Amino acid sequence: MRYITQLWREMRSVPLIGVVTIAGTALSLFLIMITVMLEDVKVAPIAPESNRARFLYTGRQELRSVEGGNTRQTPYAYKTMVELFGDIPNMEALAIFSQGNSVSSVKVPQGRAFMTDFRHVNYEFWKVFDFTFVAGRPFNPEEFNSGAALAVITEDLARKLFGTTDVAGREIIIDQFRSYKVVGVVKDVPTVADSAYAQIWIPLSATGEVDHDELNGSVIGIILADREGRRNEVRAEIMRRREIFNARMKELGWKHHDLGAPYLVTEFRTAMWNGFQDGMDMDKVRSGAIIFILLLVPAINLSSMTQSRLRRRVREIGVRRAFGCTRSRLVREIIAENFILTLAGGIIGVVASLIFTWLGADFLWSYDTWGSNAAGSAFVSLTTLLNWRIALYTIVVCFVLNLLSSGIPAWRAACMKPVDAIGGLQK
């Protein structure tokens, strides 16, 4: 409390220095928090991808000709996906879905058409992702295997088309001529949940994707493990299956090459960045460089401001030293005062970043959907943005800023000779 009272008197006498110090810290923390949130939201548990910690991503496949000289990387075919990744022990389900969202028109008979994002999925898709159904249900295995023309849509789209969400059993028309029956309505999905995101989901079997025999395909998969830490077990089983698969593919002149699947969510992001080749995690390198710059520049500025404040207090420091105040106590007081300023700026910066990201989610994260026209919303809850990891980053950043900006100037001021300080001389 003594530090706060003393700091308040000083700020009232020269308010500009205190305001600039707080504003500089707030701006720095604001930019750092935005950077952290942009990366954190890609791996944080966000419904309907609440189980990201248990997700194992299949990635893409690489096919190499047996004779050499021809290599290509493609999405999986449905049958290949099932053969390599289906029914693995200790797995709960395998979601198979189109790698990107397709953009098409949808309408009710005699109604107005809307451009929407839709995705082709298998029936286990609904077991991997925790969608919230507000009406109806997902399509079941029997309906999927029969190739039924069914659809699950979002509540926002249901209201646009029908004016209500209670639309199970109603008909919609996709691409002007293809009729589908709505079997379920789910809560809107944020675009940051890019694997689950769409506005319409229809069975892969309704498109014929499950029947073709070519190696090249258009689907990707996510395995839901029964618990975390199953990656190595799953990979061993996949490698065993790959040997059997390649023995058959050799007759066709191709070999299925291992690209490291399955991936954890953080590994998958890195693999996508590197084109599913070995390489550095450029997302982390880029974010680390940005955070370092955002930390270093304001620290230098705050150090200058601290020295300016200390020059005004040189005589006070000299008098206190002459009456027996120790150097360590002076340093502690100066660091504590500066920490209060830093903490105040940090709180302002964190609150401002939360408000900015919450209100500007569509602008910040709409690009994350694969092949989407981003017709949906990127809404993210404040509870998701403000998690323990971000809080820890904030504490660390505040502490580092405080040490960089006040530690060295405080020690230099405390080491001055009392006679020089009282005389107002600082060398």
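Residues numbered from 1 in each chain as written. Predicted model: local features only at pLDDT ≥ 70, side-chain atom pairs only at ≥ 80, totals over all residues. Heavy atoms only, no water.

A. Geometry of the overall build of the chain. Counting its secondary structure elements, the chain contains 15 helices and 13 strands. Looking at the chain as a whole, 51% of its 427 residues qualify as buried. Taking all contacts inside the chain whose residues are at least 6 apart in sequence as the whole, residues at least 24 apart take part in 77%. By element, 59% of the accessible surface of the chain is carried by carbon and sulfur atoms, the whole surface being about 20200 Å². (Helix = DSSP H or I, 4+ residues; strand = E, 2+ residues; numbered from the N terminus. Buried < 20%, exposed > 50% of the residue type's maximum accessible area, 1.4 Å probe, protein only. Contact = heavy atoms within 4.5 Å. Areas by Shrake-Rupley, 256 points an atom, 1.4 Å probe, with all protein chains shown as cover.)

B. Spotlight on helix H7 (residues 231-249). Here H7 is 19 residues long and its end C-alpha atoms lie 26 Å apart, about the 27 Å a rise of 1.5 Å per residue gives. For H7, every residue scored as buried is listed here: Arg-231, Val-234, Glu-237, Ile-238, Arg-241, Arg-242, Phe-245, Asn-246 and Met-249. (Expected span 1.5 Å × (residues − 1).)

C. Inspection of the sheet that holds strand S13 (residues 254-257) at higher detail. Ordered by their spatial adjacency, three strands build an open sheet running S3-S2-S13, and the pairing between neighbours is antiparallel. Only two strands of the sheet have a single neighbouring strand rather than two, namely strand S3 (71-74) and S13. The sheet shows a mean angle of 25° between the axes of neighbouring strands, direction not considered. The sheet contact formed by strand S2 (residues 61-65) and S3 spans four bridges and is antiparallel. In the strand pairing of S3, Glu-62 is matched with Gln-73. (Pairing = 2+ DSSP bridges. Axes fitted to C-alpha atoms, helices over the stretch in contact; angles between N-to-C directions.)

D. Local environment of the pairing of strand S8 (residues 150-154). Of all five residues in S8, five are buried; the element is thus mostly enclosed. Pairing between S8 and strand S10 (residues 178-186): five bridges, direction parallel. Across the sheet, residue Ile-153 finds its bridge partner in S10, namely Val-185. Sheet analysis places S8 next to strand S11 (residues 200-203), joined by two bridges and oriented antiparallel. Looking at the pairing, Val-152 lines up with Trp-201 of S11.

E. Seen up close, a nonpolar patch on the surface. Together, Leu-343, Ile-347, Val-351, Ile-355, Trp-358 and Leu-359 make up a nonpolar patch on the protein surface, roughly 600 Å² of accessible area in all. Within the secondary structure, Ile-355 sits in helix H11 (residues 327-359). Exposure remark for Ile-355: the relative accessible area of 45% places this residue in the partly exposed category. (Patch = residues over 30% accessible without salt bridge, like charges linked within 9 Å, V, L, I, M, F, W, Y side chains within 5 Å. Salt bridge = Lys/Arg side-chain N within 4 Å of Asp/Glu carboxyl O.)

F. Spotlight on the pattern of salt bridges. Within this structure, the stated rule accounts for 13 salt bridges. Arg-54 serves as the salt-bridge partner of Glu-92, at 3.2 Å between the closest nitrogen and oxygen. Of this pair, Glu-92 sits in strand S4 (residues 91-98) while Arg-54 sits in the loop between helix H2 (15-40) and strand S1 (55-57), and the two are 38 residues apart along the sequence. With relative accessibility at 19%, the residue Arg-54 sits in the buried group. The shortest N-O distance in the salt bridge between Glu-143 and Arg-137 comes to 2.7 Å. The class of Glu-143 is buried, set by a relative accessible area of 16%.

G. Expanded view of the layout of surface pockets. Taken as a whole, the second largest pocket encloses approximately 230 Å³ of empty space. Forming the boundary of the second largest pocket are 15 residues, of which Gly-86, Asp-87, Leu-94, Tyr-123 and Glu-124 lie nearest the centre. The dominant element in the lining of the second largest pocket, judged by the number of residues it contributes, is S4, at five residues. Looking at the lining of the second largest pocket, its residues break down into ten nonpolar, two polar and three charged. (1 Å grid on protein atoms, 1.4 Å probe; cavity = no way out; pocket = protein on both sides within 12 Å on 5 of 7 lines; lining within 4 Å. Points joined across faces, edges and corners; volume = space filled by probe spheres on them. Nonpolar A, V, L, I, M, F, W, Y, C, P; charged D, E, K, R; others polar.)

H. Expanded view of the nonpolar core. Within the largest apolar cluster, 55 residues are counted, with the highest numbers of intra-cluster contacts made by Phe-125, Phe-129, Phe-131 and Trp-201. Not counting residues up to four positions away in its chain, the partners in contact with Phe-129 are Pro-48, Glu-49, Phe-55, Ala-95, Phe-97, Ser-195, Ala-196 and Ile-222. Counting residues in each nonpolar core, the second largest holds 19 residues, with Phe-118, Ala-135, Ala-151 and Ile-200 among its members. (Core = buried A, V, L, I, M, F, W, Y, C linked by side-chain atoms within 4.5 Å.)

I. Summary view of unusual backbone geometry. The residue after Ala-47, namely Pro-48, is reached through a cis peptide bond having omega 10°. By secondary structure assignment, the location of Pro-48 is in the loop between H2 and S1. With an omega of 5°, the peptide bond between Ala-261 and Pro-262 qualifies as cis. Within the fold, Pro-262 resides in the loop between S13 and helix H8 (265-273).

J. Representation of the packing of aromatic side chains within the structure. For the coordinates displayed, the defined rule picks out 19 aromatic pairs. Ring centres 5.7 Å apart and planes at 35° place the aromatic pair Phe-125 and Phe-131 in the tilted group. The burial state of Phe-125 is the same as that of Phe-131; both residues are buried. In this structure an aromatic cluster arises from ring pairing among Phe-55, Tyr-57, Phe-97, Phe-125, Trp-126, Phe-129, Phe-131, Phe-133, Phe-139, Trp-201, Tyr-263 and Phe-268. Sitting above the plane of the Trp-254 ring, Arg-72 keeps its charged end 4.3 Å from the centroid. (Phe/Tyr/Trp six-rings, centres within 6.5 Å; stacked < 30°, edge-to-face > 60°. Lys NZ or Arg CZ within 6 Å of the ring centre and 35° of its normal.)

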